[in-house]
Structures are given as structure tokens and as C-alpha cells.
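This is what each chain is made of:
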Amino acid sequence: MKEMQKNNGKEYWRSLDQIADTPEFRSFLEREFPENASEMTNPVTRRNFLGLMGASIAFAGLVSCRKPVQKIVPYVKAPEDMIPGIPKYYASTATLGSHAYGVLVESHGGRPTKIEGNEKHPSSLGKTNAFLQAEVLNVYDPDRAKSVSNEGTDAQWSDFVAFWKEKHSQFTESRGEGLAVISGEFSSPTLHRLYETFKSVFPKASWVIDEPVSYKNVYQGLETATGKRVRAKHHFDKAKVVLSIDNDFLGLEQESITGNKGFAKGRKVETEKDEMNRLYIVESSFSVTGSMSDHRKRLSQNQIERFVRQIASALGVLTNASENVVDPAWVNALVKDLKKNPGKSIVVAGHRQTAATHSIVFAINESLSNNGNTVTYHSDPYLVHDGDSIADVIKNASKLDTVIVLGSNPVYNSTAGQNFGEAYKKIKNRITLSLYKDETAALSTWHIHQAHFLESWGDAVAVDGTISTIQPLIQPLYNGKTNTEVLNLITSAEDKDCHDILNETWQDILKTKTLAKNWRRILHDGVHAENKSLITVKADGQAINNLVKSSDISATSLSKDNLEIVFYPSAKTYDGRYVNNGWLQEAPDPVTKISWDNAALISPKTAEELGVKTRDLVFINVGGKELEIVAHVLPGQADYVISLEVGMGRKDYGRIADGAGFNVNTLKPSDSFSVTGARITPTGRTYVLANTQDHSSMENRPLIREATLEEYKKDPEFAPNMVKHPPLKSLWEEYPYTEGYQWGMAIDLNTCSGCNACVIACQSENNVPIVGKEQVEKGREMHWMRMDRYFSGDLDNPEMVYQPVACQHCENAPCEQVCPVQATLHDKEGLNVMTYNRCVGTRYCSNNCPYKVRRFNFFNYTKDYPETIKMVQNPDVTVRFRGVMEKCTYCTQRIQAAKIGAKNEGRTLVDGEVVTACQQACPADAIVFGNINDPESKVTKVKQQNRNYAMLGELNVKPRTTYLAKLRNPNPEIVKQTETVS
Amino acid sequence: MAQIFKKSANLWPLYAVIAVTLLGIGVVGFFWYFGSPQYLDVGYRPQQPVDYSHKLHAGDLGIDCRYCHTTVEVSAKANVPPTETCMNCHTLIGTDRPTLELVRESWATGNSIEWVRIHDLPDYSFFNHSAHITAGIGCESCHGNVAAMVKVEQKEPLSMGWCLTCHRAPEQFIRRRDQITTMNWTPPADQAEFAKKVIIEKNINPPTDCSGCHR
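Per chain, the residues get numbers from 1 upward, laid out in the order the sequence is written. To read the labels, note that chains go from A and ligands from 1, taken in the order they are written. Given that this is a predicted model, residues contribute local features only at a pLDDT of at least 70 and side-chain atom pairs are listed and counted only at 80 or more, while totals for whole chains, interfaces and linings are drawn from all residues.

Novice: How should the overall build of chain B be read in this particular structure?
Specialist: Helix and strand labels come from DSSP, where a helix needs a run of H or I of at least four residues and a strand needs a run of E of at least two; each type is numbered from the N terminus. A tally of regular secondary structure across chain B gives 11 helices and one strand. For a compact globule the rule gives 2.2 Å times the number of residues to the power 0.38, and the radius of gyration it is set against comes from C-alpha atoms. Taken over C-alpha atoms, the radius of gyration comes to 25 Å for chain B, far larger than the 17 Å a tight globule of 215 residues would show. For chain B, buried positions account for 23% of its 215 residues. Here the C-beta atoms are placed from the backbone, and a residue counts as buried if at least 20 other C-beta atoms lie within 10 Å of its own, exposed if 12 or fewer do, and partly exposed otherwise.

Structure, rendered in C-alpha cells:
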């Protein structure tokens, strides 16, 4: 085994291939650009290409030398406050199931181009996650459904209105007999009002909730425990000890933004004297939250449930002590730690866990005095998370007259044994409202094209009861309809505009008198600030005990013939809703680093027993169902547990979605996120996975610097001192960079959770193209910001660390020294700038870049953009052509805009005025950017901290981006235990 | 057998070298001159859909540039006015003038007038009007004496080299705030002193780095 990256006694590796050091891996690394990267590939052969080139040169000679004539098309009547060239921002709300995130949307000349968080909204606090960043691309998706269709042919909305008016009188008469609605979970005053009306108009109709990543268990557990319908808000910033029970609160759980923000606060360490929170996690497969943990246990879902009871017994919350799933010494140390911090700890369970588990967790938090302190509970009268059973719809399909699907996709979501599609076809009238012509739409008699939330009026409720508004940024591109419009039509047979429908609700909320006065303020802020719904709740011990007793958790011992399958939401598609979003599809999964696919994740030990390797196609058999999927061996995965990512494997959905990944819903049980009794058999075939984990490898150098809190206290300067080097002297006469603004960045590895928000934010801000699976596999991904992931320690249960890497803006930039045409050089403010128009594409700069952050346009990726996709481009950033190099610019367009703005006002920039896209998105505030020439600026202060180090600083390249070393805060008691064991 | 090549043939290679060199110089020179913005763009005076005369409006009538180009002081873009701006006056003046037919039609139908762009920078250059106005650069410096043009034409090459002449030595071009829209401006006697003072006062340091204009 080749020597791995070693520092502080830790070895880091990026993939199992690297550990094994296979010849293929060597050759992959040693080729500067991956194989075939510079050769012409299909479908245009080299000869063809030359032929075409010849022709285009000939034509070029014939056309005139003048630039093509451009037209200026001014307004006829200019809207007030519309200044061409200056973007406007509007507050709106994005929803994900029952959750709401306040956003601020940037609009250039009437088209939304970028989404940021709304500082006033409690669930986003000015920050975003990768999904929110990518939403803006969905608006312009050319694959969206563009018209109403009836029996597969285009129709008009008015046709549907006429159709429904007839149906409406029929159903009013029968009081809804034979009528069913299927929707996702929601919490919205307007939707709730219409839902109530629906129930009263059609009392015999059924309403089914179909939400693949359902929070039903969470809400039900809380309802049992408290006797009230409440939602929990977690204040991670107040917690010193966090125990996460399969809860990916930094990644894919719905509270991820506030989770990251709060957790990062407890992890901000400025000096060695500071305190730091501690995170324990038990989970089945590695999550980004797992990567931040100080102690992590790999447990199967079955074990996790029993582990919760073990903890509860140890805390004295449950009396019926169950068996010890986890080493009691470990549990005792954890319990001691929790008890030491009453009111300052937090126990959270993930949405996969049962209602019983959630009610136990409530009781645990109560016993630790956390309720009311680190966890608050809020009533939400607008929440709808449970309804009639979908199984009844399937059973009675032939008796149903009409089913209406509101924004959900039950045919695709149909789980093992359900086969909703077959039953659905038996229903006479099948009406679907959705953004895409999805699987359900394909089987429907009526399909109504939905309006994106950036085209709609509406409202939604956050976990703490704050109501926020959804306002449109643009007229519906294809005249789509919102779910409120459709639902209003269904209940009242009146065709009303969503704005009027919203208005009716708010007349109730605000009372008509104050509506006019407050409405504009609420729209401007995006939130109705006065609405607070904090309530005090108490545990109902009897109810919890009953629920716990009734939920059966007999232990199953897993083996290679009895595997457990766990289904988890996808970082690319969530539950499948973002499947046609190219930005998300191409962004490598935070943990597996797989792009454009999903895979069956298997632990190294299990894989060895089964004889399965990464990229092998395997059959998974469970409950009489079979699925063929590619395997991916992932260190840190629980043994005998296979993790499957939902939401992929589509056909006839859209040009991005089709052919990407595998549909795993066929194995998923309908009422749970895991199933046991699975078997895996290799097919003997392999599958190509575009995995970026080996791309741009950095050859065993101490790039990540990490220590425990204790080590840091002993040696506060460990990070800068980790590399010993002779005094650094430059061959060149160095430019002083002492005047004016000098831009620099600091990234805190201790708070970065690797959530990918910055990667997508950068892509959105800087017009970074997507290149497709084939190109990613060749190492040609274009992301300016990449999220490096390293493992360290034990092969089966390693630690994981992330490092976001973009251009480091070296003062002595190696790329500049080798550019033959001066296409990349420095400006006076220390930016390493790239002049696209000078670049001739030698790629020498990328060869010479020690950080491997330069990206080359092998093809003219932007040439064939559909018209609508062109609308999402940031007009302040050049769209690059084939054959030029590009890379992070520190968002130079934002720097220039801020500088010009300040100068116009006759002042200098204040600290914090220039915010890079990655910094703005980062929910953990791990990225700080500013003027390092200003001793008072935040970035200067951060760079003065003793954890600050320059990656590869020993090369004397003087990078402007520096990192703050990562710390872990293990429980000394547990450390001692492991030491005595080993 | 007589020699095929005469003695003078020895000089052919020399002639060839000279011819090729000359041709090379000629080709480079041809494109250098005929491909330059100075040759191609200066003097570009397209036919506009409406025969709008800047000479009449800005020159003879003395309407300020900013009456129509309202955003020039605050935004990167100096807007072309909406039809509404024309109609502010032309609902009262020249209401039946045939040359204004298109303007009235636009006002009535709500369809924009499609003007032809004259000053067109490449897409990778990001010019900001407001920054230049703040610094005290006159409209005329880039657009020429528009108030004397019946039909607007491009007066300056707007090439990078041309931009840099001012960015490297702004002191010759900086004007007093109230002189920015003045046409036929000549530097006052105290220009050198004035410019020196303003450059310090306003901290004017026009960027000569790539990032100043290219993003």
C-alpha cells in the first residue's frame, strides 16, 4: 500500500481505489487530463470535424465583417423603479413537503436568475441549501409540461374548466362519492382553507397524502407524546451535546439550513480557550452529518430503534430496559455527557424513524430539560400530513369515478407490492397537476401543467408557525396553474386567479381592515412577523408507553443472506422532484461523489463477503421483487445494510432525468424506509459510474489539517506548523499588494459540513455549464468550486472530512507563469484573473496548477442551450466558449458592482459589502471573504486565528484562500475506552 | 541540351522569399487596418426605424441628455427611453407628423420600437455608465458631439486600446460635474490643476487590470 496523505498521525484517502493503489488508479492520476480528454470523441469524428471546419471557414469569408445588427427594444411604458442593469430582489417562499424556506430572488429585467435565503425567515435565515439554489433552473426547464392535455392531446385550460363544472355538480350532489385527491404533505393557510372547504363540500371524498420522504412519523410521534398537533424546532446553536439518531440535519433533513447554521455556531472556535459542541450520531450509511460527528456508530435501522430504547432506559425514561445494542460503556459515557448538560443538549431523530422512536425522543428531551430550551414546539393549524390510505384507493380503484393528483407523483412513488399505476388506470377520470409530464401524467386523462413557485402566488408555514408568502417573479412561462387554482376550481367550480385566492385567505388572517395596510409590508419582507405559535407541551407518559409497547421491534440478526435495505432521500433529486435539474444531477453526491447516478451502497466488509466490487451490477432481491442496480462500496456504511437513494431511474421524463440512475421504489415498503431479508447476487456485468472522487487528486500532501480539541489546546499552532519547510524565497520579484482592496478568503473546515450549497450557488452565479455523465467520467466537470471529500482512520468505520476547493488566487500564481498568451494574470487587488478572449486553450495553466482548480471548455457546452435556459444565465458574467480555460474569479462581478456602487456614493467599501456567491449560500457561515488589507475586516481577523493555514503554502504560491484546521471534540471517556480496548 | 534554367533562375528563391514576406506583411497589414474597429465601426450610421434627430432635440431645443437617458447616472446601462418619454411631448407637438407614425403606433399598440444598436461593445466587456459619470467623463468623450448629429453615428473606435488611452491618463478628460453633458467641450485653462485635485478627491484610479472590465 502506498503511503497515504499523512499528518498528525492520520492517513487520508479519497477512495478505496486509492488505498489499493491499483495500476488503473495510478495511470488515471498521472494523466494530467484523463484518457481521451483531448481526443475528439463521438459523435463527430476527427475527419468529419475537419470537413465541417473547412466549410465554416469558407463561409466565414463570405459574410460581412460587420458585427450582426443588434436591436434595442425599450419599454413602451417603463415600469416604475425598473432600472435596466440593476437587479431587483423579491421575497418569496420555496416549499419542500411540509417545510417552507423563505427566499430572496434576484430578478434581472423581469427574469429570476438567482435565489438567496431570506434573512427574515426562520427556516432560511438568509441562507440556502443546494435545492433552493437549483430551483431557479427548474423554472426555465424546457422539458416542463407546456399545456393542458386531455387523453394525450393538447387542450385548453378552459376545456378543463368546462369539464370540471359538469363534474362538480355531479359530485356536489353525491357529496363526493367516488372522488379522491392525492397530494403531498403541506402546511399553508390557503391550501388548508381550500382543503377544509373540499372536506365540507365533498364529505364522502377521500384525501390521500403521498409524500415519499414523509415526515408523518415525526408528526405522529410528537402528537402521541404531547397530545397536540405540534412541530418541533431545534435550536442547535444552544446545544453543547447533540445526539443524532439517524438524523441528517446538516444534509437532507428538512431543517438542514437552520441545522447547519446553529450547529456551526456551536463549533466556531476562535482560540484554543473556546468551547466546542460535541456530536454523537448513530446511522446506517454515511451522511454529511456523520462526517461532522465526534463519535459515530454504524447501526442498521433495526438496531437504531433498539438503541433509542437502550438510551431511554439508561436515562430512566423507559423502564422496560431492552437488550444492549451498543456497548453499554459507550452509552453510559454518552448518557453522562447528556446529563451533564441539562437544557443544553439536544436529541434528534430522523424522519426514517418510527413514530414510537420520535415519541421516546420527545420524552428524552423532556427528561434532559431540553424541551423549551434547545427544542421548542409550535402549533401548526395549517399542517396536513395524514389522510386516507392510498391502499384504499388502490383497492377501490374500479369504483372510483375521479381522482385528482395535486403536484404529487403517486405512480412513480408507488412502492413494492402496491402497483399504483395499474390501479390508477382503472379509475375513470384521472386528473394530474404537475410541472412535468411525469409517470402519473402519462397515465392520466387530464394533465394540467403546473406553475413553478416562482410563477405563483401562495403561502406556507415554517416550523415555528411563521407564515410566509409566495409571490411570483415572472408570469407563468407556459400559463401553468397553481395547486391553489386547481383546488379552488375543484371545490367551487369557479376559475379564479391564485392572487385572488390568496387574498381571500389573508383577509381572514389579517382582518380586512388592516390588510391593505400590512399586505405590502408582508410581501416585501416575505414573512408575517406577528404570527408566533410557540406553545408549551408536556409528555404524556402513558401514551408514549402504549405506543412503544405496540410497536414491535424484534431483533433481526443481519447476515449476507439477510441484508437490510435503507432508503434515503437523494442529494440530487430529493424524492425525485428535482430529477430533471442538471445542476443537481451533475453535482457529485456529497458522500459517494457519484454524479448522474445512484448506487447501492455497501460496506467494504459486506462487499467482500458477497464478492461485490464498486461498479458491479448486482441483483437485489427482497420480498419477491428484484432490482438490478450498480454497487458502490462505501467505507462507513453499516455492515449488512444496503443503502438505496430514491428519486432516480426515470423514463420519458426529461432530457436530464432519462437514463440517470435506477428506480429503487420497486423495493421500498409502503410504510417504512427500510426492509430486511434482502439478498444480493452479482450479475457479472459492470456499469460505468461517473465518480469524481479521484479527479484532481493532490498526491499525499497535508491538505487537510485536523486535530482533536485536546490536541489543539496543547498545541494551538498545530495547523501552520504541520509542514516544515526552509525559508521561502521567490524566483520572481514579488509585487507588494499593499494598497487598496486586497481580496482574500478563509474557509473554516471545522464548520463546513460538505452540503454542496456553495457548489450549486457558484454554478448559478457564474453560468457554469453542465457537461453530462460521459464528460464527468472523463474528468471534465466544470464546477468552479469542488467539494473534496477525504476518509481517514479505520477502513470500515472511517472519519470523513470535507474541503471546498476553488481557485486559491495565489499571489505567486504558477498558472500565470506558464501562460504563453497572458490570458491569466493578476490584478492589483490580488485577483488571479482569467481573460477568456485571450485564452488559446493550451491548458498549460491547468498543468501547472497545484490545486487543480482550472476547468477547460472541451466543447461549446453553452451553444445549444434552449432559449429558456439562456434566461437563467447571469447577465453580469461572460458565457464562455469552447477552448477556453475558466475558474473561480472570487465573484469579480460582485466585487466590481460593489466598488462602483460605493464610488458613486463617494465612499469606500465597508467590510461585508462584497459577498461571494459561495459565502452567501453557505448555511454554516464557513466561508468568509473580504479585504485582507483592512486590519479590522472579518476575514483578516479570521486569518489571524491560530488554526489558519495555507494549503500547499510550502510551495510559496501565497494563496489568498486559506483554511482553518478542522477540530474534533471526542468524549475523553470514550477515547479512553477505545484505547484500553486496542 | 540547353540548360533548362537560366542563370537568373538562381535569384528565384530570393524573389520568392521577398514576395512571400511582402504578401505576409500585406495580409497582416490588410487585416490590421481593415479589420480594426477604427475602420469597421467608426462612422457606423445605420438607418433607424424613426428618423429621430439628436441635433434637433439635444442641439437646437437643448433638451438635456438625461431627460431621455435617465438611468445613465445610476446604472451600468444608459437606457434608451420608452415610447412614453417621446409621447410626453408628442401628444401635444407634431401630433400628425408622418415621421412620428411609428411612435404613435407603438404608443397605441404597446409594441416597442426596435432601435438599431450603434455603440456595441463585445459581450465580454462590461462598461458601466454610472462609474464614468461619477468620475466626470463627458458623454461626448465616447459618443462624440451627438447634439450635432441628425443621425447618430459611432465617432470613436471603442476598442480596448482606445479605452486604455483614457484609463491610463484620465486627467485630460475629466470634467466638472456640470460640464458632463456639454458638447464641444474644450479643456479649461486650469484643467491640469483641476484634474489633479479631483483625482485625489474622488479617488479616481481607472482600472487597467483585466478585471476592471472583463468578468
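Novice: What should I look at first to understand the overall build of chain A in this one?
Specialist: On a plain count of helices and strands, chain A comes out with 31 helices and 45 strands. For chain A, the C-alpha radius of gyration of 28 Å lies close to 30 Å, the compact-globule estimate for 982 residues. The principal-axis extent of the C-alpha atoms belonging to chain A is close to 90 × 80 × 65 Å. Counting across all 982 residues of chain A, residues that qualify as buried make up 55%.

Novice: What am I meant to see in the sheet that holds strand E8 (residues 153-155) of chain A here?
Specialist: In any sheet, the strands associate via hydrogen bonds between backbone groups, in a parallel or an antiparallel arrangement. Residue and element names in this part refer to chain A. Following DSSP output, two strands are said to pair if at least two bridges run between them. As summarised here, the arrangement of the seven strands in space is E8-E7-E21-E20-E19-E9-E11, forming an open sheet in which the pairing is mixed. Edge strands, defined here as strands with exactly one partner in the open sheet, are E8 and strand E11 (206-209). The average undirected angle you get between the axes of adjacent strands in this sheet is 20 degrees. Bridging between strand E9 (residues 179-183) and E11 involves four bridges; their strand directions are parallel. If you follow Val181 over to E11, its bridge partner there is Trp207. The strands touched by helix H5 (residues 157-174) are strand E7 (148-150), E8, E9, strand E19 (402-406) and strand E21 (446-449); relative to E7, the strand with the most contacts, the crossing angle is about 60 degrees. On the sheet, helix H17 (residues 483-492) packs against E19, strand E20 (429-434) and E21 and is oriented at approximately 155 degrees with respect to E19. All axes are obtained by fitting lines to C-alpha atoms, using only the stretch in contact for helices, and the reported angles, taken between N-to-C directions, cover 0 to 180 degrees. Our contact criterion uses C-beta atoms placed from the backbone: two residues qualify when those atoms are within 7 Å.

Novice: Help me understand the packing of helix H10 (residues 301-314) of chain A against helix H12 (residues 355-367) of chain A in this model?
Specialist: Any two packed helices are characterised by the angle at which their axes cross and by the distance between the axes. Residues and elements named next belong to chain A. At a closest axis distance of 10 Å, the pairing of H10 and H12 adopts a crossing angle of 25 degrees. What the angle tells us is that H10 and H12 run roughly parallel. The interaxial crossing formed by H10 with H12 has left-handed handedness. Taking contact as the criterion, the partners of Glu305, Val308, Arg309, Ile311 and Ala312 in H10 are, on H12, Thr357, Ile360, Val361, Ala363 and Ile364. Residues are sorted three ways: Asp, Glu, Lys and Arg are charged, Ala, Val, Leu, Ile, Met, Phe, Trp, Tyr, Cys and Pro are nonpolar, and all the rest, Gly among them, are polar. Class assignment for the residues of the contact of H10 with H12 results in seven nonpolar, one polar and two charged. Every angle not falling under 35 degrees, over 145, or within 65 to 115 is termed oblique; those three ranges are roughly parallel, roughly antiparallel and roughly perpendicular. In this scheme, a crossing is called left-handed if the near helix is turned counterclockwise away from the far one by less than a right angle; it is called right-handed if the turn is clockwise.

Novice: What am I meant to see in helix H8 (residues 256-265) of chain A here?
Specialist: Note on helix geometry: an α-helix contains 3.6 residues per turn, so any two residues three or four positions apart are oriented the same way. Residues and elements named next belong to chain A. Counting buried positions over the 10 residues of H8 gives nine, a clear majority of the element. Residues of H8 that are buried: Ser256, Ile257, Thr258, Gly259, Asn260, Lys261, Gly262, Phe263 and Ala264. The inward-facing, buried residues of H8 contact strand E5 (99-108), strand E6 (111-117) and strand E12 (230-234).

Novice: What is the right way to look at the interface of chain A and chain B in this model?
Specialist: A common measure of how large an interface is: the accessible area buried when the components associate. In this assembly, 34 residues from chain A lie in contact with 34 residues from chain B. Those elements that provide at least two residues to the side of chain A that touches chain B are strand E3 (71-72) and helix H28 (892-904) of chain A. Tallying contributions element by element places H28(A) first for the side of chain A that touches chain B, with six residues. For the side of chain A that touches chain B, a count of residues per class yields 17 nonpolar, nine polar and eight charged. Where E3(A) and strand E1 (residues 115-116) of chain B come together, two bridges link them in antiparallel fashion. Looking across to E1(B), one finds that Lys71(A) is bridged to Val116(B).

Novice: For this particular structure, what's the right way to read the nonpolar core?
Specialist: Burial of nonpolar side chains together is a common tendency in soluble globular proteins. Only buried residues count toward a nonpolar core: Ala, Val, Leu, Ile, Met, Phe, Trp, Tyr and Cys, linked into one set through C-beta atoms within 7 Å. In this structure, Ile360(A), Ile565(A), Ala600(A), Ile620(A), Ile642(A) and Cys758(A) are the most contacted members of the largest nonpolar core, which totals 276 residues. Every residue in contact with Ala600(A), bar those within four places of it in the chain, is listed here: Val618(A), Ile620(A), Ile629(A), Ala631(A), His632(A), Ile642(A) and Leu644(A). Listed in part, the 14 residues of the second largest apolar core include Cys65(B), Ala131(B), Cys139(B) and Ile174(B).

Novice: Please clarify how the environment of Gly526(A) should be interpreted in this entry.
Specialist: Residue and element names in this part refer to chain A. Considering the arrangement of structural elements, one finds Gly526 in the loop between helix H18 (498-525) and strand E24 (527-528). Each C-alpha atom of the pair Gly526 and Asp459 lies 9.5 Å from the other, and the pair is 67 residues apart in sequence. With near-sequence residues (within four places) excluded, Gly526 lies in contact with Ala91, Ser92, Thr93, Gly102, Asn118, Lys120, His121, Ser468 and Thr469.

Novice: Looking at this structure, I do not really get unusual backbone geometry. What am I missing?
Specialist: Excluding glycine, residues mostly have negative phi values, and the peptide bonds linking residues are mostly trans. Even without being a glycine, Asn479(A) presents a positive backbone phi close to 55 degrees. Residue placement: Asn479(A) occurs in the loop between strand E23 (467-470) and H17. In this model, Asn203(B) sits at a positive phi of 55 degrees, which is unusual for a non-glycine residue. With respect to the secondary-structure elements, Asn203(B) resides in the loop between helix H10 (191-201) and helix H11 (210-213).

Novice: Hey, could you run me through the sheet that holds strand E4 (residues 88-96) of chain A in this one?
Specialist: All names here are of chain A. Across the sheet, three strands lie side by side as E4-E5-E6; this open sheet has antiparallel pairing. This sheet does not close on itself; its edge strands, each paired only once, are E4 and E6. Each neighbouring strand pair of the sheet contributes to a mean axis angle of 40 degrees, computed without reference to strand direction. In this structure, E4 lies alongside E5, joined through nine bridges in antiparallel fashion. Following the sheet pairing, Lys88 is matched in E5 by Ser107. Across the sheet, helix H4 (residues 130-139) lies against E4, E5 and E6, angled at about 170 degrees from E6, the strand it touches most.

Novice: Explain the pairing of strand E26 (residues 563-568) of chain A to me, please; I cannot follow it from the model alone.
Specialist: Regular strands place their side chains on alternate faces of the sheet. Residues and elements named next belong to chain A. The element E26 is largely enclosed, with a buried count of six among its six residues. One ladder, built from four bridges, connects E26 with strand E32 (residues 674-686); its direction is antiparallel. Following the sheet pairing, Glu564 is matched in E32 by Thr676.

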